[in-house]
Structures are given as C-alpha cells and as structure tokens.
Amino acid sequence: MHLDHPVISSLLPVILLILVGFLAGRAGWVRGESVRDLTHLVFLVLSQALLFRTMSSVHLEELALRPIFEYFALAAVLFMVMLFIYGRDSRASVLALASIFSNTLMIGVPLVGLAFGEPGLVLLFTLISLHALVLLTFVTVVLELQMAHEQVQAGGASRHMVRTVGLAMRNAVIHPVPLPILAGLLYAQTGWGLHPVIDKPLMLLGSAFGPVALVLVGITLSHAQVGPQWASALKISLVKTVVHPVLMVCVGWLLGMRGLHLSVMVVAASLPVGANVFLFSQRYQKEEDAVTASMALSTAMALISVSVVMALLPLLPV
C-alpha cells in the first residue's frame, strides 16, 4: 500500500498522534495526575463543541436508525454469550461489557471523520448518542439484578429495582456525550442555523478534539500497567477487536447492510474498549484492574484490527 491509500491516510495520523502522546507520557512531560484534567478538557469542552455543531445541521429524516438497531442487537447477544462464559455473576457483567463497549468517541470520531467524512460522522454520532444510554442501561439492569440476587443470598435486604433502573436511564441521558448530540439535533429542527459568531468558535474547538483526544489516549497508555492482568486483558481484547467486528460484518451483511452503513458499524465494532467501562467498573468496584489493562491492550490491538477491517471492507461484494 502507498501512503496515499485511503486506509493508510486515515490510520497513520491516528497512530502518530497516539504515539506522540505515549512518548510524551513516558518522557514525563505530562504527569499522571494531569490526565484527569486533560480528560475533562476533551469530554466537557472540545467534544461538546464538535458533537453539537455537527448535529445542529442534521434533520431527523436524514438519520439512518436501522444499522444502529442492528448494531445494538448484536452487542446485546454478544454480551449475553460473554456473560455466561465469564460466570453469570456481577463480576462477569463488567467483563462482558468490556467485550462489547467501543471507544467510539476518543478514537472512533477522529478515525471515522478522516476515513468517511461528515456523512460517516453523522451516522457515528447517531450511534454515540444511544451508545451509553442503551448499553449501559441494559448492563446496569442486568448487573443490579445480579447484585440484588447475590445480596439476598448473603442474607441482606433486597433492592428497589424500579428506582435503580430509572436512575440509570437518567444518568445515561444527562451525560457529556449524548446530551450535546440530542441538543444539537433538536436545535437543527428549528431551521435557524448557527450565526458565524457562534459557529466559528465551535468549529475551532471541535477541530481540536481529534488530535487532543488521540494524544490523550497515548498518554493514558503510557501510564497503564498490563502485566498482572495480561490473560484477562488479552481475552477481552480479542473479543472486542476481533470477534465483535467479524460478527458485525456477518450479521450486517446477512441483514442487508451495505456501503457506508456497514463500514461505519464494523469500524465501530473493531474499536478498543471504551472509557465508560472503566467508570462502570469503578462505580461497582468490580474488575477495575482487568478493565484498565484491557483498555490499554485493546487500543494497541485495535491499530491492527481497524487496519485489517478498513482494508477488507472495500473488497466485499456490493
């Protein structure tokens, strides 16, 4: 492949920016305690501008929801399979979530933007707007049922599930990722457009998101400790970056998904473990070390899996 090949030209900037962050972290230019502040900058400032601005010109009739539903259906089935493999307890729920939950924001957005342009981003943002809401709420319900069962078995009091599920759904919507997407989509329906005074700052902030997010991924990898959790991290990473995209290709093709829709959904499935899984594991104090290690290892493995996926997708018959 030449450097101007679409796969290389899309992936090489991603790899180089992650490498820059990794080297900066290793050199000590960005300390571990600064990563949280950088994460807040990316999630609470830069991503807000990018997500809102992109969706502020999209009309509801332009959204393709069928590939999104098919993506979630496959993710739910794969989650249940991994849940049974890991042991069907609350610990297993967290590990199974790591096997299906992609880093669609920090890695997916820059990659899809470079490879497929704004049409690909609109489809990815539609997925992102529901990603945490659907998957985290679904897994929260499963995990809370398991923990309630485990608590009763241990002689404790049962939990009120309706309140727990309602709180989970609220937290999934009032979240830095889906909220600006939904707000931008609602604003788009007014037809007012964005005045240049507002649009220009949003554009500048949004354009900074991709490079800063990828450098932050590299910095995070430089501080990760994989060794003690190598076996668990490898198992999760193989399912996330190999099994998930292969199943997405097969299921999507059989259900009639083609072209841009299939490409974006398969690339999304091939992405590494998302940061929300780490926050989820911390909240429930389940498998934090294994999830952290799998985020690091799956990010390294995704550089290969995404490259292979993007190279092979154009070879599929139309």
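Now for a description of the structure that goes with this document. Because the structure is a prediction, the values reported are computed rather than measured. (Residues numbered from 1 in each chain as written. Predicted model: local features only at pLDDT ≥ 70, side-chain atom pairs only at ≥ 80, totals over all residues. Heavy atoms only, no water.)

### Some details on unusual backbone geometry
Of note in the backbone geometry, Arg88 takes a positive phi value of approximately 60° without being a glycine. For Arg88, the position within the fold is in the loop between α3 (66–86) and α4 (90–98). Its identity as a non-glycine residue notwithstanding, Glu287 has a phi of 55°, on the positive side. (Helix = DSSP H or I, 4+ residues; strand = E, 2+ residues; numbered from the N terminus.)

### Digging into the packing of aromatic side chains
This model, assessed by the stated rule, comprises 4 aromatic pairs. Taking 5.4 Å as the distance between ring centres and 70° as the angle between the ring planes, the aromatic pair formed by Phe79 and Phe138 counts as edge-to-face. Of the two residues, Phe79 is situated in helix α3 and Phe138 in helix α5 (residues 104–153); the sequence distance between them amounts to 59 residues. A centroid spacing of 6.0 Å and a plane angle of 80° characterise the contact between Tyr187 and Trp192, whose relative ring orientation is edge-to-face. On the basis of relative accessibility, which here comes to 23%, the residue Tyr187 falls in the partly exposed class. Residue classification places Trp192 among the exposed positions, given a relative accessible area of 67%. Taken together through their ring pairs, the aromatic side chains of Phe52, Tyr187 and Trp192 make up a single cluster. Across the ring face of Trp253, the terminal group of Arg258 is positioned such that the distance to the ring centre comes to 3.3 Å. (Phe/Tyr/Trp six-rings, centres within 6.5 Å; stacked < 30°, edge-to-face > 60°. Buried < 20%, exposed > 50% of the residue type's maximum accessible area, 1.4 Å probe, protein only. Lys NZ or Arg CZ within 6 Å of the ring centre and 35° of its normal.)

### Brief notes about empty space enclosed by the protein
Scanning the entire structure with this criterion turns up 1 cavity of 30 Å³ or more. What the largest cavity holds in volume is close to 70 Å³. As for the largest cavity, its lining consists of Leu11, Val14, Ile18, Ile107, Leu111, Leu271, Pro272, Thr299, Ala302, Leu303 and Val306. For the lining of the largest cavity, the leading source of residues is helix α12 (residues 288–312), giving 4 residues. Taken together, the residues that form the lining of the largest cavity break down as 10 nonpolar, 1 polar and no charged. (1 Å grid on protein atoms, 1.4 Å probe; cavity = no way out; pocket = protein on both sides within 12 Å on 5 of 7 lines; lining within 4 Å. Points joined across faces, edges and corners; volume = space filled by probe spheres on them. Nonpolar A, V, L, I, M, F, W, Y, C, P; charged D, E, K, R; others polar.)

### Some remarks on the packing of helix α11 (residues 275–284) against α12
Running from N to C, α11 and α12 cross one another at 170°; their axes reach a closest spacing of 9 Å. When the axes of α11 and α12 are compared, the pair comes out roughly antiparallel. Two secondary-structure elements touch here, α11 through Ala275, Val277, Phe278, Ser281 and Gln282 and α12 through Glu288, Val291, Thr292 and Met295. Split into classes, the residues belonging to the contact of α11 with α12 amount to 5 nonpolar, 3 polar and 1 charged. (Axes fitted to C-alpha atoms, helices over the stretch in contact; angles between N-to-C directions. Parallel < 35°, antiparallel > 145°, perpendicular 65-115°, else oblique. Contact = heavy atoms within 4.5 Å.)

### Overview of the layout of surface pockets
Rolled over the atoms, a probe sized like a water molecule indicates the empty space that remains. In this structure, the largest pocket spans a volume of roughly 1,100 Å³. Lining the largest pocket are 38 residues, and of these Thr39, Ala275, Phe278, Leu279 and Met295 lie nearest its centre. Where the lining of the largest pocket is concerned, the elements lending two or more residues are α2 (35–55), α5, α8 (196–223), α11 and α12. Looking at the lining of the largest pocket, its residues break down into 20 nonpolar, 16 polar and 2 charged. Along its surface, the second largest pocket is lined by 23 residues, and Leu50, Thr54, Leu121, Gly206 and Ser207 are the ones closest to its centre. At the level of secondary structure, the elements contributing two or more residues to the lining of the second largest pocket comprise α1 (6–26), α2, α5 and α8.

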